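# Chain and residue survey
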Amino acid sequence: MKTEEIRCSFCSGTGRDPFGIMSRLSKCCVCGGSGLVRVQSPCIRCAHCNGTGAVKRLTCLVCGGKGFMPAPDGPTVTCPDCMGTGDDDGAKAMACLICRGLGWVPA
Ligand SMILES: [Zn+2]
Ligand SMILES: [Zn+2]
Ligand SMILES: [Zn+2]
């Protein structure tokens, strides 16, 4: 499996807790303070958090805060339930149950 190192989306590469939940000086819980995260390559932007790594100030549960997901290795179609947003229709902070927050399903 190929991986690559990208800038941590959750903290924008600063290595600090972006929302200061514990403290502004505490380490980013996603990258552990390094500002970098390792993702599978090739990867695509996470639909649920729009690549930001955060949903309502919480770590995105779909990508774990990295902002990216492994790219699908086959043909896909836009999820008919969330129309590609990766969000649950009733509760936007929750991941779509059909595509598990990916925004796409295997074709
Ligand atoms: Zn980080
Ligand atoms: Zn995400
Ligand atoms: Zn969906």
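The structure under discussion appears in the preceding block.
Sequence order as written defines the numbering, with residues in each chain counted from 1. Each chain gets a letter, beginning with A, and each ligand a number, beginning with 1, in the order they are written. This being a predicted model, a pLDDT of at least 70 is required before a residue's local features are given, and a value of 80 or more before pairs of side-chain atoms are given or counted; all residues contribute to the totals for chains, interfaces and linings. Calculation of side-chain values draws on the structure's entire complement of heavy atoms; hydrogens and water are dropped beforehand.

The next subject is the coordination of the zinc ion (ligand 2). Reference values for angles at a metal are 109.5 degrees in the four-donor tetrahedral case and 90 or 180 degrees in the six-donor octahedral case. For Na, K and Ca the donor cutoff is 3.2 Å, while for all other metals N, O and S atoms must lie within 2.8 Å; water is not among the atoms, so some sites may look incomplete. Only Cys46 (SG), Cys49 (SG), Cys60 (SG) and Cys63 (SG) from the protein coordinate the zinc ion (ligand 2), and they sit 2.3 Å from it. Square planar and octahedral sites, with four and six donors, are those where opposite donors lie more than 155 degrees apart and all other angles lie between 65 and 115, tetrahedral sites have four donors with every angle between 85 and 135 degrees, and the rest are irregular. Around the zinc ion (ligand 2) sit four donor atoms; with metal-centred angles ranging over 103 to 115 degrees, the donor geometry is tetrahedral. Here the donor residues of the zinc ion (ligand 2) share one chain and are spaced in sequence as C-x2-C-x10-C-x2-C. In this pair, Cys49 sits in the loop between strand 3 (43-45) and strand 4 (54-55) while Cys63 sits in the loop between strand 5 (58-59) and strand 6 (68-70), placing the two residues 14 residues apart along the sequence. The numbering of helices and of strands both runs from the N terminus, where a helix is a DSSP run of H or I of at least 4 residues and a strand a run of E of at least 2.

What follows covers the coordination of the zinc ion (ligand 3). Coordination of the zinc ion (ligand 3) by the protein comes from Cys79 (SG), Cys82 (SG), Cys96 (SG) and Cys99 (SG), over a distance range of 2.2 to 2.3 Å. The site at the zinc ion (ligand 3) holds four donor atoms, and with the angles between them running 104 to 116 degrees, its shape is tetrahedral. Written as a sequence motif, the donor residues of the zinc ion (ligand 3) are C-x2-C-x13-C-x2-C. In this pair, Cys79 is assigned in the loop between strand 7 (76-78) and strand 8 (104-106) and Cys96 in the loop between strand 7 and strand 8, connecting sequence segments 17 residues apart. Assessed through its relative accessible area of 0%, Cys79 is described here as buried. Under the scheme applied here, a residue whose accessible area is under 20% of the maximum for its type counts as buried, over 50% as exposed, and between as partly exposed, the area being computed with a 1.4 Å probe on protein chains only.

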